[in-house]
Amino acid sequence: MLLTELDGFLTGLLVCPEAVPSHEWMTVIWGTEADGIPPFEDPVDVQWFSNAVAARRNEIARDLDRSKLQPILDIDERDGEILWEYWVDGFGEAIALRPETWDALADSPESAAPWSRLARLIAIARNESELDSVEVNALEGQAMTELIDAVQLLYTARTRLLGAQSPTPPATMLTKVGRNDRCPCGSGKKYKRCCD
């Protein structure tokens, strides 16, 4: 994943109405098959990368809690255009982990409108929109504002739904991993049998 895609993916995981275990979503980040083996030879690199992902995930959670989401976006060097589509692709990867949960948002009075706005932008980013070119161009001009507003509203709805519970469970621990703990690489194995 590109950094922009990773940022959208982590945001999608935090906004998702259902928590997705880290061993499941880390394999998407690694870009590996079902074996879940990280693409690093050195366990220190695995730990460093896992900690970096956890730190960014926690930063996004803080931003969402403060209603100040600040996505990491690429900018086209030729014309200065914001390439928001990559961020949306990453967000779409998170949606693909629990599509039925996201589809249920359309039935919720609080989530239906922001989910519709977000789904429309995802369709545009994937060139799957049924809108005509004039409508697409109009939406592309305000895509980032639309994205941030829709994501923030969905996160707020999720927070209300969960009530007093913390809507953002901690990602991977940033402290030392115990030998019998799950490996932070996302393999699902104990640390001593994986990256120790």
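In this text, all values refer to a predicted model and were calculated from it rather than measured experimentally. (Residues numbered from 1 in each chain as written. Predicted model: local features only at pLDDT ≥ 70, side-chain atom pairs only at ≥ 80, totals over all residues. Heavy atoms only, no water.)

Further remarks concern the nonpolar core. Among the nonpolar cores identified, the biggest contains 43 residues, and Trp 25, Ile 29, Trp 84, Trp 102 and Leu 118 are the most heavily contacted of them. Of all elements in the fold, only α1 (3–15), α2 (22–30), α3 (43–65), α4 (84–97), α6 (112–125), α7 (133–141) and α8 (143–162) reach the threshold of two or more residues within this core. (Core = buried A, V, L, I, M, F, W, Y, C linked by side-chain atoms within 4.5 Å. Buried < 20%, exposed > 50% of the residue type's maximum accessible area, 1.4 Å probe, protein only. Helix = DSSP H or I, 4+ residues; strand = E, 2+ residues; numbered from the N terminus.)

Describing an aromatic ring pair means giving the distance of the ring centres and the angle of the ring planes. Summed over the entire model, instances satisfying the criterion amount to three aromatic pairs. When the centroid spacing of 5.6 Å and the interplanar angle of 70 degrees are considered together, the rings of Phe 91 and Trp 102 count as edge-to-face. With Phe 91 in helix α4 and Trp 102 in helix α5 (residues 99–103), this residue pair connects regions lying eleven residues apart in the sequence. The same class applies to Phe 91 as to Trp 102, namely buried. When the centroid spacing of 5.4 Å and the interplanar angle of 35 degrees are considered together, the rings of Trp 102 and Trp 115 count as tilted. Placement of the pair is Trp 102 in helix α5 and Trp 115 in helix α6, with a sequence separation of 13 residues. (Phe/Tyr/Trp six-rings, centres within 6.5 Å; stacked < 30°, edge-to-face > 60°.)

Quick look at the side chain of Arg 56 now. One can find Arg 56 in helix α3. Look at Arg 56 and you get buried, because its relative accessible area is 13%. A distance of 3.1 Å separates a polar atom in the side chain of Arg 56 from a polar atom in the side chain of Glu 59. The contact partners of Arg 56, leaving out residues within four places of it in the chain, are Asp 7, Leu 10, Gln 70, Pro 71 and Ile 72. (Polar contact = N/O pair within 3.5 Å; in protein donor to acceptor, adjacent residues only side chain to side chain. Contact = heavy atoms within 4.5 Å.)

Across the protein chain, the average pLDDT comes to 81, with 83% of residues at 70 or higher. Within the protein chain, α1 carries the highest mean pLDDT (95), whereas α7 carries the lowest (80). Counting contacts from residues 164–175, a segment whose pLDDT is below 50, to residues more than four positions away or on other chains yields 26 contacts. (pLDDT = per-residue confidence, 0-100.)

A separate point is unusual backbone geometry. A positive phi angle, near 60 degrees, is found at Ser 67, a position not held by glycine. Relative to the helices and strands, Ser 67 is located in the loop between α3 and β1 (74–75). Positive phi is not limited to glycine here, since Asn 127 has a value of about 55 degrees. Looking at where Asn 127 falls in the secondary structure, it is placed in the loop between α6 and α7.

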